[in-house]
Amino acid sequence: MENKKRVVVGLSGGVDSSVAAYLLKEKGFEVIGMFMKNWHDESVTISNECPWMEDSTDAMLVAEKLGIPFQAIDLSEEYRERIVDYMFTEYEAGRTPNPDILCNREIKFDIFLKAAQKLKADFVATGHYCQKGSVEKDGKTIYRLLAGADSNKDQSYFLCQLSQEQLSQALFPIGHLQKSEVRKIAKEQDLITADKKDSQGLCFIGKVRLPDFLQQQLKPKKGKIIVVPEDLTVYDKQKISVELNPEDFNLETLDALCLPIPYQATEGKVIGEHNGAHYFTVGQRKGLQVGGTGKPLFVIATDTKENIIYTGLGENHPGLNRNGLFVAKKDIHWIREDLSLPVGTSIRYQARIRYRQPLTWATLIMRKNGLYVVFDEAQRGIASGQFVAWYLGEESIGSGVIF
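Residue numbers restart at each chain and count upward from 1, following the sequence in its written direction. Note on the predicted model: pLDDT of at least 70 is required for a residue's local features to be given, and 80 or more for side-chain atom pairs to be given and counted; whole-chain, interface and lining totals, by contrast, use all residues. The side-chain figures draw on all heavy atoms in the structure; neither hydrogens nor water molecules are used.

*Asks:* Quick question: what am I supposed to make of the state of the cysteines here?
*Replies:* The bond known as a disulfide is covalent and runs between the sulfur atoms of two cysteines. In what follows, a disulfide is any cysteine sulfur pair within 2.5 Å. All told, the structure shown has zero disulfides when counted by the stated rule. The closest cysteine sulfur to the non-disulfide-bonded Cys-160 is located on Cys-130, 11 Å from its own sulfur. Exposure is judged per residue with a 1.4 Å probe applied to protein chains only, and the accessible area is read against the type maximum: over 50% gives exposed, under 20% gives buried, and values in between give partly exposed. Here Cys-160 falls in the buried class, since its relative accessible area comes to 0%. Not part of a disulfide, Cys-258 finds its nearest cysteine sulfur in Cys-160, a span of 19 Å. Residue classification places Cys-258 among the buried positions, given a relative accessible area of 0%.

Set out below in C-alpha cells:
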C-alpha cells in the first residue's frame, strides 16, 4: 500500500481551519492538527476574556471529533521577536505595518512549517480563502497563488509575501469554497466551531484594541495637529496628464508622483493637539478630537521625528489621494520569480494596497532604485509600511512594502 502524504493543519479554533482538516482527511491524507499559541502577554490584554485558551480547546475538540492527532505549539517567543517588535518599530518610525502578512510569511509558513517538517510532514495546510495552481516552465514546476473562489473572503493579499519554496509545501483546502459552504460542511460534520464568529482584528492580539496595545510600549507625547491648505504648490506636481504615458516619465516626475510628500510645519496652521504622532496613520479620521472644523478632518501625513500630524479638511483634500507609490529595491518580492521585471522595463498589472480593496489598473515601472507603481485612478490613504500586491487576473504575481 502506498504511503499516505502527511499534512499538518494549523487548527486555529475557527471554522475555516476545522473544515480544512476535515476535507484533507476525506481526501485520504494523514492529517495532524496543530494549534499555534502566538501571544499570551497578559499585560496588554484589556479584557478578561482569554481567547487563546478557548480557541485551543475548540481546536482540540475538532481534532478529537475528526479522530486526528493534535498538539499545541508555543510560538510566542518567535512571535514577539518577528511580529510584535517589528510592529512597534514600524509605528515608532511613523509607518503602518501589516502584521497579518508578516504572520503568514514569518510564522505560519516559516516557523510553523519547520515544526511540521520535524513531524515529517509533506505539506502544511491553513484555512485561508485562496487557491494554489502550478505551471510547467522549462521543465520546472512553478507554483501560482490564486484568489479564493469567495470574492468577499479572498485572502490572497495576506499571502502576497510567500515564496515559491513556501507555496510548494502549502495546501489551501477550502479555497474553492464559499464561506456559506464551509459553515454548512462544519454543521453537517457536527464540528463545535460551525457557528463560531470569525475572529476580527490582528492575527494575534485577540481582544486588544490597537491604540491600547501601542500605548503599552510607545509612550504618549503631546504634539501639534496642523491643517494643510488644498492649494499647496506641491499638489500641482501630483497631477498627471491623461495623455502622458507613465512609461515615458523621467525619474523626477516619478518621484514627485510616487514618494510621500515631505510637509513642513510652516505650510499650514496649528488646529489642535495630539498624544503622539506614532498612534496615527494616513487616511485616519477618528481619534483626532478636533471640533468645529465644518468638514471632517483626515490625517494626510505623520512626522514622528518632529511629532507632528498633518491633516486635510474634507474627503477631497488632495493630500489624501495619490496616483503612485514606490517600493525600494530591497522590499520588492516576486511570487512569480520568472515574471520579475528587468530594470528599465514596465508592465501593466492590477494592484491593491489593502485587503478586500477592489483591484485597480496600474503601470509598474522598474528603475535601478526600485519599483514605481502608477495607478490609473488616484488611491486614497497610501501609507508607508503597508503592502502593495499586484495581480494578473486571479493570480498574485508579487508584492512590496510601500516606501
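*Asks:* Even after reading the chapter, I still don't get the packing of aromatic side chains, so can you show me in this structure?
*Replies:* Between the rings of Phe, Tyr and Trp (Trp by its six-membered ring), a pair exists once the centres lie within 6.5 Å; its type follows the angle of the planes, with under 30 degrees stacked, over 60 edge-to-face, and the other angles tilted. In the structure shown here, the tally under the stated rule is nine aromatic pairs. Geometrically, the ring pair formed by Tyr-157 and Phe-158 is tilted, given 6.1 Å between the ring centres and 55 degrees between the ring planes. When the centroid spacing of 4.7 Å and the interplanar angle of 45 degrees are considered together, the rings of Phe-326 and Tyr-372 count as tilted. In this pair, Phe-326 sits in strand β12 (residues 321-328) while Tyr-372 sits in strand β16 (residues 370-380), placing the two residues 46 residues apart along the sequence. With respect to burial, Phe-326 and Tyr-372 carry one shared label: buried. Of note, Arg-380 hangs over the ring of Phe-298, and the distance from its end group to the ring centre comes to 4.9 Å. Numbering of helices and strands runs from the N terminus, with a helix taken as a DSSP run of H or I at least four residues long and a strand as a DSSP run of E at least two residues long. For a ring to carry a charge above it, either NZ of a lysine or CZ of an arginine must fall within 6 Å of the ring centroid while also lying within 35 degrees of the normal to the ring plane.

*Asks:* What's the story with the side chain of Gln-161 in this structure? I'm lost.
*Replies:* Mapped onto the elements of the fold, Gln-161 is located in the loop between β6 (140-147) and α5 (164-168). Given the relative accessible area of 7%, Gln-161 is considered buried. Pairing of N or O atoms within 3.5 Å defines a polar contact, subject to two protein rules: one partner must be a possible hydrogen donor and the other a possible acceptor, and residues neighboring in sequence count only if both atoms are side-chain atoms. Within the structure, Gln-161 has its side chain in polar contact with the side chain of Ser-399 (distance 2.8 Å). Contacts between residues were defined by any pair of non-hydrogen atoms, one from each residue, lying within 4.5 Å. If near-sequence neighbours (up to four positions away) are discounted, Gln-161 is found in contact with Ile-101, Arg-105, Gln-166, His-333, Phe-387, Ser-399 and Gly-400.

*Asks:* I keep staring at the sheet that holds strand β3 (residues 70-74) and nothing clicks. Help me out?
*Replies:* Pairing between sheet strands relies on hydrogen bonds along the backbone, with the strands arranged either parallel or antiparallel. When DSSP finds at least two bridges between two strands, those strands are taken to pair. With respect to topology, five strands assemble into an open sheet ordered β3-β2-β1-β4-β7, the strand pairing being parallel. Only two strands of the sheet have a single partner each, and these edge strands are β3 and β7 (170-171). Here strand β1 (residues 6-10) pairs with strand β2 (residues 30-37) via five bridges, running parallel. Within β2, the residue paired with Arg-6 across the bridge is Glu-30.

*Asks:* It is not clear to me how the sheet that holds strand β9 (residues 269-274) should be interpreted in this structure. Could you clarify?
*Replies:* Across the sheet, four strands lie side by side as β9-β8-β11-β10; this open sheet has mixed pairing. Whereas interior strands pair on both sides, the edge strands pair on one side only; in this sheet they are β9 and β10 (297-303). Mean inter-strand twist for the sheet, computed between neighbouring axes without regard to direction, equals 30 degrees. In this structure, strand β8 (residues 223-227) lies alongside β9, joined through five bridges in antiparallel fashion. In the strand pairing of β9, Lys-224 is matched with Glu-273. In this analysis, axes come from line fits to C-alpha atoms, helices being fitted only over the stretch in contact, and the angle between any two N-to-C directions falls in the range 0 to 180 degrees.

*Asks:* Teacher, can you tell me more about the side chain of Thr-96 here?
*Replies:* For Thr-96, the location among the structural elements is in the loop between α3 (76-92) and α4 (99-118). Ignoring sequence-local partners within four residues, the contact set of Thr-96 consists of Tyr-91, Thr-281, Ala-383, Ser-384, Gly-385 and Gln-386.

*Asks:* Mind showing me how you'd approach the nonpolar core here?
*Replies:* Across soluble globular proteins, nonpolar side chains show a tendency to be buried alongside one another. Working definition of a nonpolar core: buried Ala, Val, Leu, Ile, Met, Phe, Trp, Tyr and Cys residues. They are joined through side-chain atoms within 4.5 Å. One finds Ile-107, Phe-172 and Phe-387 to be the most contacted residues of the largest nonpolar core, which totals 54 residues. Secondary structure elements with two or more residues in this core: β2, α3, α4, α7 (210-217), β8, β10 and β17 (387-392). Counting residues per element, this core draws most heavily on α4, which supplies ten residues. In contact with Phe-172, other than residues within four places in its own chain, are Phe-109, Thr-126, His-128, Cys-130, Gln-131, Lys-132, Leu-145, Leu-159 and Leu-167. In this structure, Val-7, Val-19, Leu-66 and Ala-194 belong to the second largest nonpolar core, which totals 29 residues.

*Asks:* Hey, could you run me through the pattern of salt bridges in this one?
*Replies:* A side chain of one charge can pair with a side chain of the opposite charge when the charged atoms of the two come close. Salt bridges are defined as contacts in which a side-chain nitrogen from Lys or Arg sits within 4 Å of a carboxyl oxygen from Asp or Glu. Evaluation of the coordinates by the stated rule reveals 23 salt bridges. Where Lys-137 meets Asp-338, a salt bridge forms, and the shortest distance between an N and an O atom there is 2.6 Å. Of this pair, Lys-137 sits in strand β5 (residues 130-137) while Asp-338 sits in the loop between β13 (332-334) and β14 (346-352), and the two are 201 residues apart along the sequence. For Lys-137, a relative accessible area of 31% gives the class partly exposed.

*Asks:* Is there a simple way to explain a negative patch on the surface in this structure?
*Replies:* Together, Asp-74, Glu-77, Glu-81 and Asp-85 give the surface a local cluster of negative charge. Per element, the largest residue contribution to the negative patch is three residues, and it comes from α3. Here Glu-81 lies in helix α3. On the basis of relative accessible area, Glu-81 is assigned to the exposed category, the value being 53%. The residues that make up patches have over 30% relative accessible area and no salt bridge, and they are joined within 9 Å when like-charged or within 5 Å when they are Val, Leu, Ile, Met, Phe, Trp or Tyr. For the area figures, the Shrake-Rupley method with a 1.4 Å probe applies, and any residue is considered shielded solely by the protein chains shown. Charge assignment: positive for Lys and Arg, negative for Asp and Glu; neither His nor the chain ends contribute. Working definition for charges: the position is that of NZ of Lys, CZ of Arg, CG of Asp or CD of Glu.

*Asks:* I keep staring at the pairing of β16 and nothing clicks. Help me out?
*Replies:* Side chains on a regular strand alternate between the two faces of the sheet. In terms of strand pairing, β12 meets β16 through seven bridges, oriented antiparallel. Following the sheet pairing, Val-327 is matched in β16 by Leu-371. Pairing of strand β15 (residues 360-367) with β16 involves six bridges; the strand directions are antiparallel. Opposite Leu-364, over in β16, you have Val-373 as the bridge partner. Between β15 and β16, which follow one another and run antiparallel, lie two residues.

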